[in-house]
Amino acid sequence: MNLASLTISRIRQGLLAKEFSAVELANEALRFAEAENPKTNAYLHFCPERALAAARAVDERLAKGEDPGPLAGVPVAVKDVILTRGVRTTCASRLLAHYIPPYDATAVVRLERAGGVILGKTNCDEFAMGSSNENSAFGPVRNPLAPDRVPGGSSGGSAAAVAQGTAVVALGSDTGGSIRQPASFCGVVGVTPTYGRVSRYGLTAFASSLDHIGPFARNVRDAATLLGVIAGRDEMDSTSAFAPLPDYAAALGESVQGMRIGLPKEYFAGLGSETGGLIQQGVEVLKGLGCRVQEISLPHTEYAIPCYYIICTAEASSNLARYDGVRYTTRSGEAPTLIDMYRNTRGEGFGAECKRRIMLGTYVLSAGYYDAYYLKAQKVRTLIYQDFVRAFEEVDAVVAPVSPFPAFKLGEKIDDPLAMYLSDVYTITGSLAGIPCMSVPCGKTSEGLPVGMQILARHFAESDMFRLAAAFEKAGSFFA
Amino acid sequence: MKITENEVRYVAALSNLTLTEAELERMARDLDEILTYVDKLNELDTSGVEPMAQVLFDAEETATLRDDIERPTVSNSEALANAPLSGAGCFKVPKVIER
């Protein structure tokens, strides 16, 4: 059994045929993941007790002849900003180095109920703020395909674990591209569902109006299966959507003949690089499948980054106010007064990028600047949203690059925050509009670096997105 | 300059962040660069455009309300378990009121 190429359906087949038990697979997977981890630093810590308990529950169900669930025995990695009861959840921050959550995120409850086996928690940028995973307080993650390069961020550990084969699927979180960009850099499938499709209960809040939980997988079918398990209304998150939950796997394999695809000209202008060439080749594959490809315009694209970095930092400055040394494990030792205790705890605890975002967010919300920055950005968000509404009157899906370039070298951009922000140029628009988007592998550069193609669809049209991605994956043979 | 070092000190105080002198100097430079960049939004005329706080889905206004039924939540000891300092069922903090 090759652990690094396992799929959900292969595991199910093996369990039902009694080739292996869930406990045997969990033990094997834990051993493999722990042995391979030093190569990438993808996992921050493992939770073998929890994994084996979940695996035993699957074996018990199998022994009774019950259905073991759609994720039966599947080794899963969970980004360390998603709460796991009794299992350390650090958000890759020194501040939360010893934090043990008292409850589980809804997505975690659902994936374990479906038979999933959580092996451990994955590294990421501190509080999910970053595009390279270099902002982790516990060291960067290395790209499994090119160890001198970043895996992308912020969900770099989840992407790397799936690419490396130390998890079959993983949960990440995406606020402005934090699932799609690392998926693209590591050559795996990464999905940002419609805003509200997956409950945010138990996801450490960064920018609440933009935060999403979503899946990573080595193929479209596994990503669709995992999303189907974690999605759906949850009364613990008032922003979780009531929209009916379709059977995502059912749409896979259907023809995409006649599907109307829009290529936003703003995303392709100036994309003369190798990445652009690969995406163009991908578009030819879509044409070969009978898709009707046309150029469209999303005229406010160039305003997305400034809009996003005002809104997300404003929300972050508010959400991160809770880390004040009172409730969350870490407190500065030398503080004569309460206010000094707050300030020193936060000053010592947060890394440079978190501080920068807290400062920027506080500034744009401060008296005299609110209208000029925050309100202005919220209005521009409406314009970006309307761009997509108009585009989807003409087309069924939008296809674009995920990132202007493949994985960059460790250290290459870390000292230039603005350059790092600009690398999110193609992923931020979909986040602001709240539409479902994903990265699907689209070949490799001459240096062997993966490039992802982004597919964006209408609100709650994940099925269309998966159908197109699956057809593309099959036609292009871009399996990771 | 979009932001001065004094303003950075003021915002750091609002943010409850202690910054070292080196951090203050670097922060002023970074924020200045980012604020200059985000000024790009002013190229757009947004008069008459409604601000969007969040992408909303179609549902009745009362759909997210639930019945007012008491139910167990995190217990006192669980809530305090991660506190750096607690006692008598409460979070402990440095003295707030002077005698």
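Now for a quick tour of the structure. (Residues numbered from 1 in each chain as written. Chains lettered and ligands numbered in written order. Predicted model: local features only at pLDDT ≥ 70, side-chain atom pairs only at ≥ 80, totals over all residues.)

1. Overview of helix H1 (residues 5-14) of chain B
Okay, so step 1: Looking at H1 of chain B, one finds that the buried residues are Val8, Val11 and Ala12 of chain B. The buried residues of H1 of chain B occupy an angular sector of 105 degrees when projected down its axis, which confines them to one face.
Okay, so step 2: Residues of H1 of chain B that are buried make contact with helix H12 (352-365) of chain A together with helix H2 (21-38) of chain B.
Okay, so step 3: Among the residues trailing H1 of chain B, Asn16 of chain B stands out with phi positive, at a value near 55 degrees. (Buried ≥ 20, exposed ≤ 12 C-beta atoms within 10 Å, placed from the backbone. Helix = DSSP H or I, 4+ residues; strand = E, 2+ residues; numbered from the N terminus. Arc of directions from axis to C-beta. Contact = placed C-beta atoms within 7 Å.)

2. Re the packing of helix H10 (residues 304-319) of chain A against H2 of chain B
Okay, so step 1: Axis separation between H10 of chain A and H2 of chain B bottoms out at 9 Å; the angle between their running directions is 125 degrees. One way to sum up the angle between H10 of chain A and H2 of chain B is to call them oblique. The interaxial crossing formed by H10 of chain A with H2 of chain B has left-handed handedness. Packed against H10 of chain A, whose contacting residues are Pro306, Tyr309 and Ile310 of chain A, the element H2 of chain B presents Ile34, Tyr37 and Val38 of chain B at the interface.
Okay, so step 2: Across the contact of H10 of chain A with H2 of chain B, the residue classes tally to 6 nonpolar, no polar and no charged. (Axes fitted to C-alpha atoms, helices over the stretch in contact; angles between N-to-C directions. Parallel < 35°, antiparallel > 145°, perpendicular 65-115°, else oblique. Left-handed = near helix turned anticlockwise from the far one by under 90°. Nonpolar A, V, L, I, M, F, W, Y, C, P; charged D, E, K, R; others polar.)

3. Concerning the sheet that holds strand E10 (residues 437-444) of chain A
In a beta sheet, neighbouring strands pair by backbone hydrogen bonds and run either parallel or antiparallel.
Residue and element names in this part refer to chain A.
Okay, so step 1: With mixed pairing, 11 strands are arranged side by side in an open sheet as E1-E3-E2-E4-E6-E5-E10-E11-E9-E7-E8. A single partner strand is all that each edge strand has here, and the edge strands are strand E1 (43-46) and strand E8 (292-296). In this sheet, neighbouring strand axes are inclined to one another by 30 degrees on average, regardless of whether the strands run parallel or antiparallel.
Okay, so step 2: Where strand E5 (residues 189-192) lies against strand E6 (residues 212-217), 2 bridges are found, and the strand directions are antiparallel. Across the sheet, residue Val189 finds its bridge partner in E6, namely Ala217.
Okay, so step 3: With respect to the sheet, helix H3 (residues 48-63) is in contact with E1 and strand E3 (117-122), its orientation differing from that of E3 by roughly 155 degrees. (Pairing = 2+ DSSP bridges.)

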